[in-house]
Amino acid sequence: MHDTTALLVELGSVILGLGIIGRLAGRVGLSPIPLYLLAGLAFGEGGLLPLGASEEFTAVGAEIGVILLLLLLGLEYSASELVTSLKTQYPSGAVDFVLNATPGAVAALLLGWGPVAAVALAGVTWISSSGVIAKVLTDLGRLGNRETPVILGVLVIEDLSMAVYLPLLTAMLAGVGLAGGSMALLIALGTVGFVLYLALRHGRLISRAVSSDNPEMLLLVVLGLTVLVAGVAQELQVSAAVGAFLVGIALSGEVAEGARKLLTPLRDLFAAVFFVFFGLSTNPAEIPPVLLPAALLAIVTVFTKIATGWYAARRAGIGSRGRWRAGGTLVARGEFSIVIAGLAVATEPRIGPIATAYVLILVIVGPLTARWTQPAVARIQSWRGQDGKDGGGKGSVEVPAARPAPAAPAVQEEFASSAD
């Protein structure tokens, strides 16, 4: 078969298969991410039917998928919302980092993988899945709950932390040493600070320069600018993903809203390709030996994420029920854990299988803990003779404490739109 013909047949089959998988996942109420990963495992090296002709195209598509994931994430937040969340939620962000990054780092060291792999696996276990959590909040009808701004605040802190974490990890993976890593970190911090300053002071001018009444022109300008900045960021070892995230932050208002509507279908397509590519690069035979450590790591980090959400909601004066709901909702891991593992797998291939198994477990368990953590705790409390009726939902009266981070309007609109 001619190379071009084989490429078209393989790509058409993969994209059609992803569409069928996505519809199946939607019917059973699950995130399609684990099914995309399983599809990649089935058609990758050591799988049922390896794909050869489309491998190079899929690799490029996976890079674009990461860039679009971070761009759309940046478009959901304005610079002022990020700064506000940082000011009000940084203690919860610190607790989140300590409780959830530590198990991954310790596991990598116990497995004898070394410090660089420890930093990478710490990121895999640290970052919750914004996409899965958005879907869960919408499906459960919790967008108006008092704990929801707290959940969003924790996610914002994690997303902003990625702008520092990813360049540092990239430098460590490149083996540039302490001096090079420190320089990369300084460049990342300076870049983030500079972009936040521009967005706060001159965001309207930037958005006006990019704005266009023609959807085609807006799409081309925003996408071209994002890919260009991502490439420059990669050259500076700041990470292409962070460059895309910063472009999203810099745009605001109607431009951000229009770009989000235009780019969401592209993001969904290339993000699916990214998950498939990650599965393609992982040998299925390597997963069974790591299932036990991945399951143990998942169990530990289920409890640490629940503790994170409980603490964050308690700081905001949310009652017992809302605290447990917040904790259970934060459990899901997904896209960003895979992004981190994808960066590290070239240097430490053993991260790929354990990250795949870990994400597969928690992307399925996450929606279940979001739904059942608070009822399970209430049942246990009733057995122990505690009523546990101090709610945290809509209309409940709470003891005031630290102010919760305000929910970003764009984020809530995005979450609401995901109900489709």
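Trainee: Break down the packing of helix α7 (residues 148-173) against helix α14 (residues 335-344) for me, citing the residues and quoting the values.
Mentor: The geometry of α7 relative to α14 is characterised by a closest axis approach of 10 Å and an angle of 15° between their N-to-C directions. Compared by their axis directions, α7 and α14 come out roughly parallel. Here α7 and α14 pass one another in a crossing that is right-handed. Across from D159, M162, Y165, L166, L169, T170 and L173 in α7, the residues of α14 making contact are F336, I340, L343 and A344. The class makeup of the residues in the contact of α7 with α14 is nine nonpolar, one polar and one charged.

Trainee: Give me the lowdown on the packing of aromatic side chains, citing residues and values where you can.
Mentor: Throughout the structure, instances matching the rule amount to three aromatic pairs. Between F97 and W126, the aromatic rings sit 5.0 Å apart at their centres with planes inclined by 75°, giving edge-to-face as the arrangement. In this pair, F97 is assigned in helix α4 (residues 79-110) and W126 in helix α5 (residues 115-126), connecting sequence segments 29 residues apart. F97 gets classed as partly exposed once you look at its relative accessible area, which sits at 42%. Taken together, a centroid distance of 5.9 Å and an interplanar angle of 85° make the contact between W126 and Y165 edge-to-face. With a gap of 39 residues between them, W126 in helix α5 and Y165 in helix α7 connect regions that are remote in the sequence.

Trainee: Which residues make up α14, and what values go with them?
Mentor: When you tally the buried positions in α14, you get eight out of ten residues, the bulk of the element. All buried positions along α14 are accounted for by E335, F336, S337, I338, V339, I340, A341 and A344.

Trainee: How would you explain the pattern of salt bridges if you had to name every residue and give the values?
Mentor: By the definition in use, this model includes six salt bridges. Measuring nitrogen to oxygen at the nearest pair gives 2.5 Å for the salt bridge that ties K305 to E158. Placement of K305 in helix α12 (residues 291-315) and of E158 in helix α7 is noted, with a sequence separation of 147 residues between them. Residues K305 and E158 agree in their burial class; the two are buried. R260 is the partner of E257 in a salt bridge, and the nearest nitrogen-oxygen pair spans 2.3 Å. Within this pair, E257 and its partner R260 are both found in helix α11 (residues 253-280), separated by three residues, close to a single helical turn. R260 gets classed as buried once you look at its relative accessible area, which sits at 5%. Residues joined in a network through salt bridges with shared partners are D96, E158 and K305.

Trainee: Hey, could you go over the confidence of the model for the chain for me, with residue numbers and the actual values?
Mentor: If pLDDT is low for a region, its predicted coordinates should not be looked at in detail. Averaged over all residues, the pLDDT of the chain is 80; the fraction at 70 or higher stands at 85%. Across the chain, the secondary-structure element scoring lowest on mean pLDDT is helix α16 (residues 409-417), at 43, and the one scoring highest is α12, at 95. Counting contacts from residues 388-420, a segment whose pLDDT is below 50, to residues more than four positions away or on other chains yields 81 contacts.

Trainee: Report on the environment of G352, specifying residues and quantitative values.
Mentor: In this fold, G352 is placed in helix α15 (residues 351-383). Here G352 falls in the buried class, since its relative accessible area comes to 2%. Measuring from C-alpha to C-alpha, the distance between G352 and G342 comes to 7.2 Å, with ten residues separating the pair along the chain. Excluding residues within four positions of it along the chain, G352 makes contact with F278, T282 and V345.

Trainee: Kindly report on helix α1 (residues 3-28), identifying the contributing residues and their values.
Mentor: A rise of 1.5 Å per residue sets the reference length of α1, with its 26 residues, at 38 Å; its end C-alpha atoms lie 37 Å apart and thus fit the reference within 8%. Residues A6, E10, L11, L18, I21 and A25 constitute the buried set of α1. Its buried side turned inward, α1 meets α2 (33-43), α3 (55-76) and α11. A positive backbone phi angle near 75° is found at G29, which sits one or two residues after α1.

Trainee: How would you explain the nonpolar core if you had to name every residue and give the values?
Mentor: Within the largest apolar cluster, 96 residues are counted, with the highest numbers of intra-cluster contacts made by L70 and L71. With twelve residues, α11 is the largest single contributor of residues to this core. Not counting chain neighbours up to four residues away, the residues in contact with L71 comprise V222, T226, A244, F245, V247, G248 and L263. L137, I151, V154 and L155 belong to the second largest nonpolar core, which has twelve residues in total.

Criteria and thresholds
Residues numbered from 1 in each chain as written. Predicted model: local features only at pLDDT ≥ 70, side-chain atom pairs only at ≥ 80, totals over all residues. Heavy atoms only, no water. Axes fitted to C-alpha atoms, helices over the stretch in contact; angles between N-to-C directions. Helix = DSSP H or I, 4+ residues; strand = E, 2+ residues; numbered from the N terminus. Parallel < 35°, antiparallel > 145°, perpendicular 65-115°, else oblique. Left-handed = near helix turned anticlockwise from the far one by under 90°. Contact = heavy atoms within 4.5 Å. Nonpolar A, V, L, I, M, F, W, Y, C, P; charged D, E, K, R; others polar. Phe/Tyr/Trp six-rings, centres within 6.5 Å; stacked < 30°, edge-to-face > 60°. Buried < 20%, exposed > 50% of the residue type's maximum accessible area, 1.4 Å probe, protein only. Salt bridge = Lys/Arg side-chain N within 4 Å of Asp/Glu carboxyl O. pLDDT = per-residue confidence, 0-100. Expected span 1.5 Å × (residues − 1). Core = buried A, V, L, I, M, F, W, Y, C linked by side-chain atoms within 4.5 Å.

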